[in-house]
Protein chains: 2
Amino acid sequence: MKYLLAISIMAFVGVRSMNATVPAEGIPASTNIPEARYPCVDSDSRATFKLHAPDAKEVRLDICGKKYDMSMGEGGVWSVTTPPLVEGFHYYFLIVDGVAVNDPASETFYGCGRMSSGIEIPEKADQASYYKFDKSVPHGQVRECRYFSEKENSQRRCFVYTPAEYETSPSKSYPVLYLQHGMGEDERGWHTQGRMADILDNQIASGKCVPMIVVMDYGNCGYIHGARPGESRDEFGASFTPIMLEELIPYIEKTFRVKSDRDSRAMAGLSWGGHETLEITLRNLDLFAHIGSFSGALFFLGNGLDKAYDGVFNSADDFNSKVKTFFFGMGSEENFGSDKISGALKKAGINHTYYESEGTHHEWLTWRRCLNEFLPLIFK
Amino acid sequence: MKYLLAISIMAFVGVRSMNATVPAEGIPASTNIPEARYPCVDSDSRATFKLHAPDAKEVRLDICGKKYDMSMGEGGVWSVTTPPLVEGFHYYFLIVDGVAVNDPASETFYGCGRMSSGIEIPEKADQASYYKFDKSVPHGQVRECRYFSEKENSQRRCFVYTPAEYETSPSKSYPVLYLQHGMGEDERGWHTQGRMADILDNQIASGKCVPMIVVMDYGNCGYIHGARPGESRDEFGASFTPIMLEELIPYIEKTFRVKSDRDSRAMAGLSWGGHETLEITLRNLDLFAHIGSFSGALFFLGNGLDKAYDGVFNSADDFNSKVKTFFFGMGSEENFGSDKISGALKKAGINHTYYESEGTHHEWLTWRRCLNEFLPLIFK
């Protein structure tokens, strides 16, 4: 059973560590670099970390909001085994004599406003198949595209998922989902940490969602250790709105075969990206018909629903006729207020979908699940 | 002048650090994460590194084969300024109480068999423009493609550069260059560290090289801290040959609009990837007409040229009629033997091109330059 589980959890990076000898403490994490045996995860989701640091005074592990002391054993190797960890992807650091550093054995992921270590704690296979590479389904591509922004006077980068059939149906046009990362993350997050390509590939193959293009750009809110000069926290990412509306969307519509009517344009985001999504879409309903906020940073309830977003919620009939998908989701173990928003929207007669991910926190497993719930609703 | 230089050196990541206040010691490196002011580089190529580590006993910098002691200043911040560094891209580590770790201020790059910090020391603008993003030229895409390998019973990933016109010329087919990374690196290297997309974009726009597709896959030699179980050093990457010939090439030719005759197929690689290139192409000249080895790991001279690669060099006329491009390059400051190979080939009457990159070591600037020299020769 343990071995079967190990096979089923193999994600991209893990493939390369398959050849390493499996340690006694568990299966090497799929997020390790090639051949790295640690960190590894046992069948009860306990993870064991090791670091060779014979000259260090103190080494600790920082994961899931907790710090664990590591102890030095033979050959100057420090180690610790955690209690069972929540399933899903977690950023983590090793703290060497007070300095939070990356684990040399881990791939790195842009999160926490820097390149961070990450570990995938596998879900039970039957729950997790929606974000696993399936060799029996056609695979789309994730394209790195670079374009010049006049507003920033610099190049920018976005990632564009194209479905497998994009190559073989050269006269077909596709709807577009703009999908945003959270604060301290960047345009790589949804593909690398979020497994969006597998989620899309699997849903498209089974007919659960329609074939679509997904665009992931940098929301200008990837720094958390201080805003840009002159920017307050509330303004993080505000510069992204004009870039997206006046530069990114035109670039995408010029470069790819996409449908450009509002019914074929969606936007969703996680955490701060959910905040950006609401800011951009609710003030531009002529452009977007499908909206998703996953653990969205939500401030607008403070002044009352009627004052939010230029009064967009004041006419429920008008809103409901325009917005085809209005989705809110969050993890049951986090406190990001999507449930309160849902309650207020219901009272105001605003049609929407509310989803709660059982047992998950403000982390990527919540957002993989949210995306999995959101995709079947849009463009239909 | 310093400011102009700073603008001209702005690569992708650097764009984001533009908004940070510029430190007194120089311009933030283009390889920094968003907003990071250090490391920075002055106009004489001296780099200043800083790390906040109030509780560490000793912090050192490890770059370009040398270690520099860092000294602790105010607020527990350690710093050091190096002597002038060689231009180009360098991997580096900070050593905190004996542990080599990534600089939290740096992007990370797969090299040295792990995720590493990296710093770009800018060349003078007039030399370096060939690998700089130019807003006035059309830009290709770098596509992440995942395919299933029956031989490894797992998914694999390759990156595929498609030229800008690939989108707009839907009936045109393209020649293909297979381009390999070095040992301890992976399929990300040529794009991220090697700037291959900019080199291709710029050459295609100016007509210096023909529009082509470039495929970058993992050469199965990205680990250096020990081979795979049962593999000796000489065998590193040997498993890649059948994967490339029987799985990767068919996948590419099925997925993209490519020409599949031997005159339209090239392979090149750096260091160990050069070794792999010679191993694969020289034993399969029915498949490849263009061959490049950049600082290639070259062992075959030991037993004499006549015994190398099943005697492929024994008939110069035959070889010269089959191989349209045979390119060797290396840096003037490294000792990888391409010059000796060139001498032996010349003696044997084997047509080839030999290029030496002035002042550079076994590093990415050598390989950017090699690629820049190689591209105009192929598919013509």
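**Q** Looking at this structure, how should I read the pattern of salt bridges?
**A** Inspection of every chain in the model, using the stated rule, returns 51 salt bridges over all chains. As a salt-bridge pair, Arg60(A) and Asp69(A) come within 2.9 Å of each other at their nearest N and O atoms. Each of Arg143(A), Glu167(A), Arg143(B) and Glu167(B) takes part in one network of salt bridges that share partners.

**Q** Can you walk me through the environment of Gln155(B) in this structure?
**A** Residues and elements named next belong to chain B. Considering the arrangement of structural elements, one finds Gln155 in strand 13 (residues 154–162). In this structure Gln155 comes out as buried when scored by relative accessible area, which is 5%. Separated by 29 residues in sequence, Gln155 and Gly184 place their C-alpha atoms 20 Å apart.

**Q** Sorry, what's going on with the relation of the copies chain A and chain B here?
**A** Here two copies of a chain appear, and what relates them is a rotation about an axis with a shift along it. When chain A is fitted to chain B, the best match, at an RMSD of 0.0 Å, comes from turning it 180° and sliding it 0.0 Å along the axis. On this basis, the relationship between the two copies can be described by a two-fold rotation axis. Closest approach to the rotation axis within chain A is made by the C-alpha atom of Arg143(A), at a distance of 2.0 Å. Of all interface residues in chain A, 100% are interface residues in chain B too; the two copies therefore contact each other through one and the same surface.

**Q** Explain the interface of chain A and chain B to me, please; I cannot follow it from the model alone.
**A** Many authors give the size of an interface as the accessible area that is lost as the parts come together. Across the contact, 60 residues belong to chain A and 61 residues belong to chain B. Taken together, both faces of the contact between chain A and chain B bury some 5,100 Å²; the carbon and sulfur share is 54%. For the pair chain A and chain B, the number of links is eight salt bridges. With a shortest N-O distance of 3.4 Å, Arg146(A) and Asp201(B) are connected by a salt bridge. Here chain A and chain B share 17 residue pairs in polar contact (both at pLDDT 80 or more) between them.

**Q** Where do I start with the pairing of strand 5 (residues 66–69) of chain B in this structure?
**A** Two faces belong to every sheet, and in a regular strand the side chains alternate between them. All names here are of chain B. In terms of strand pairing, strand 4 (residues 59–63) meets strand 5 through four bridges, oriented antiparallel. Residue pairing in the sheet places Ile63 in a bridge with Lys66 of strand 5. Linking two consecutive strands that pair antiparallel, namely strand 4 and strand 5, is a turn of two residues; a positive phi of about 50° is found at Cys64 within it.

**Q** Looking at this model, I keep getting lost on the sheet that holds strand 7 (residues 77–81) of chain B. Mind explaining?
**A** Pairing between the strands of a sheet comes from backbone hydrogen bonds, and it takes one of two forms, parallel or antiparallel. Residue and element names in this part refer to chain B. With antiparallel pairing, five strands are arranged side by side in an open sheet as 1-2-3-7-6. Edge positions in the sheet fall to strand 1 (27–28) and strand 6 (71–72), since each of these pairs with one other strand and no more. Here two bridges tie strand 2 (residues 40–41) to strand 3 (residues 47–52), and the two strands are oriented antiparallel to one another. Bridging from a neighbouring strand, Cys40 pairs with Thr48 of strand 3.

**Q** For this particular structure, what's the right way to read the nonpolar core?
**A** The tendency in soluble globular proteins is for nonpolar side chains to be buried as a group. Formed by 44 residues in total, the largest nonpolar core has its most connected members in Phe49(A), Leu61(A), Ile119(A), Phe49(B), Leu61(B) and Ile119(B). With near-sequence residues (within four places) excluded, Leu61(B) lies in contact with Phe49(B), Lys66(B), Lys67(B), Tyr68(B), Met70(B), Val80(B), Thr82(B), Tyr92(B), Phe93(B) and Leu94(B).

**Q** What am I meant to see in helix 9 (residues 338–347) of chain B here?
**A** Because an α-helix completes one turn every 3.6 residues, residues spaced three or four positions apart along the sequence face the same direction. Residues and elements named next belong to chain B. Residues of helix 9 that are buried include every one of Ser338, Ile341, Ser342 and Leu345, and no others. Within helix 9, the buried residues cover an arc of 100° as seen down the axis, which keeps them to one side. Relative to its buried face, helix 9 has exposed residues pointing more than 90 degrees away, namely Lys340 and Lys347. At its buried positions, helix 9 is contacted by strand 18 (325–331) and strand 19 (353–357). Where helix 9 ends, the next residue or the one after it, Gly349, has phi of about 75°, a positive value.

**Q** Is there a simple way to think about the confidence of the model for chain A in this case?
**A** Low pLDDT means the predicted coordinates in that region are not meant to be read closely. All names here are of chain A. Scored by pLDDT, chain A has a mean of 90; 91% of the residues are at 70 or more. Counted against residues more than four places away or in other chains, residues 1–19, with its pLDDT under 50, gives 44 contacts. Confidence metrics for the complex model read pTM 0.93 and ipTM 0.92.

**Q** What should I look at first to understand the side chain of Gln203(B) in this one?
**A** Residue and element names in this part refer to chain B. Here Gln203 lies in helix 5 (residues 196–206). Among the polar contacts made by the side chain of Gln203, one reaches the side chain of Asn372 at a distance of 2.6 Å. When residues no more than four places from it in sequence are discounted, the contact partners of Gln203 are Lys208, Cys209, Asn372, Leu375 and Pro376.

**Q** Please explain the pairing of strand 18 (residues 325–331) of chain A as it appears in this structure.
**A** All names here are of chain A. Counting buried residues in strand 18 gives seven out of seven residues, a clear majority hidden from the surface. Every second residue of strand 18 is oriented toward a common face, with Thr325, Phe327, Gly329 and Gly331 on one face and Phe326, Phe328 and Met330 on the other, all of them buried. Relative to strand 19 (residues 353–357), strand 18 runs parallel, the two being bridged by five bridges. From the neighbouring strand, Gly329 faces strand 19, where its bridge partner is Tyr355. Note that the unit made of strand 18, helix 9 (residues 338–347) and strand 19 has a crossover that is right-handed.

**Q** I'm lost on a negative patch on the surface in this one. Help?
**A** Residues and elements named next belong to chain A. A cluster of acidic side chains, namely Glu333, Asp339, Glu356 and Glu358, defines a negative patch on the protein surface. Structurally, the position occupied by Glu356 is in strand 19. Owing to a relative accessible area of 38%, Glu356 belongs among the partly exposed residues under this scheme.

**Q** Just to check I follow, could you spell out unusual backbone geometry for this structure?
**A** Excluding glycine, most residues fall at negative phi; most peptide bonds, likewise, are trans. Residue and element names in this part refer to chain A. For the peptide bond that leads from Tyr38 to Pro39, omega is 0°, which places it in the cis range. Secondary-structure assignment places Pro39 in the loop between strand 1 (27–28) and strand 2 (40–41). In this structure, Ser45 is a non-glycine residue whose phi angle is positive, near 70°. Take Ser45: it is sitting in the loop between strand 2 and strand 3 (47–52). Note on Ser45: relative accessible area 13%, which makes it buried.

About the cut-offs
- Residues numbered from 1 in each chain as written.
- Chains lettered and ligands numbered in written order.
- Predicted model: local features only at pLDDT ≥ 70, side-chain atom pairs only at ≥ 80, totals over all residues.
- Heavy atoms only, no water.
- Salt bridge = Lys/Arg side-chain N within 4 Å of Asp/Glu carboxyl O.
- Helix = DSSP H or I, 4+ residues; strand = E, 2+ residues; numbered from the N terminus.
- Buried < 20%, exposed > 50% of the residue type's maximum accessible area, 1.4 Å probe, protein only.
- Least-squares fit on C-alpha atoms with pLDDT ≥ 70 in both.
- Contact = heavy atoms within 4.5 Å.
- Buried area = accessible area lost by both parts, 1.4 Å probe.
- Polar contact = N/O pair within 3.5 Å; in protein donor to acceptor, adjacent residues only side chain to side chain.
- Pairing = 2+ DSSP bridges.
- Core = buried A, V, L, I, M, F, W, Y, C linked by side-chain atoms within 4.5 Å.
- Arc of directions from axis to C-beta.
- pLDDT = per-residue confidence, 0-100.
- Right-handed = clockwise from strand over helix to strand, strands pointing away.
- Patch = residues over 30% accessible without salt bridge, like charges linked within 9 Å, V, L, I, M, F, W, Y side chains within 5 Å.
- Areas by Shrake-Rupley, 256 points an atom, 1.4 Å probe, with all protein chains shown as cover.
- Lys, Arg positive; Asp, Glu negative; His and termini not counted.
- Charge placed at Lys NZ, Arg CZ, Asp CG, Glu CD.

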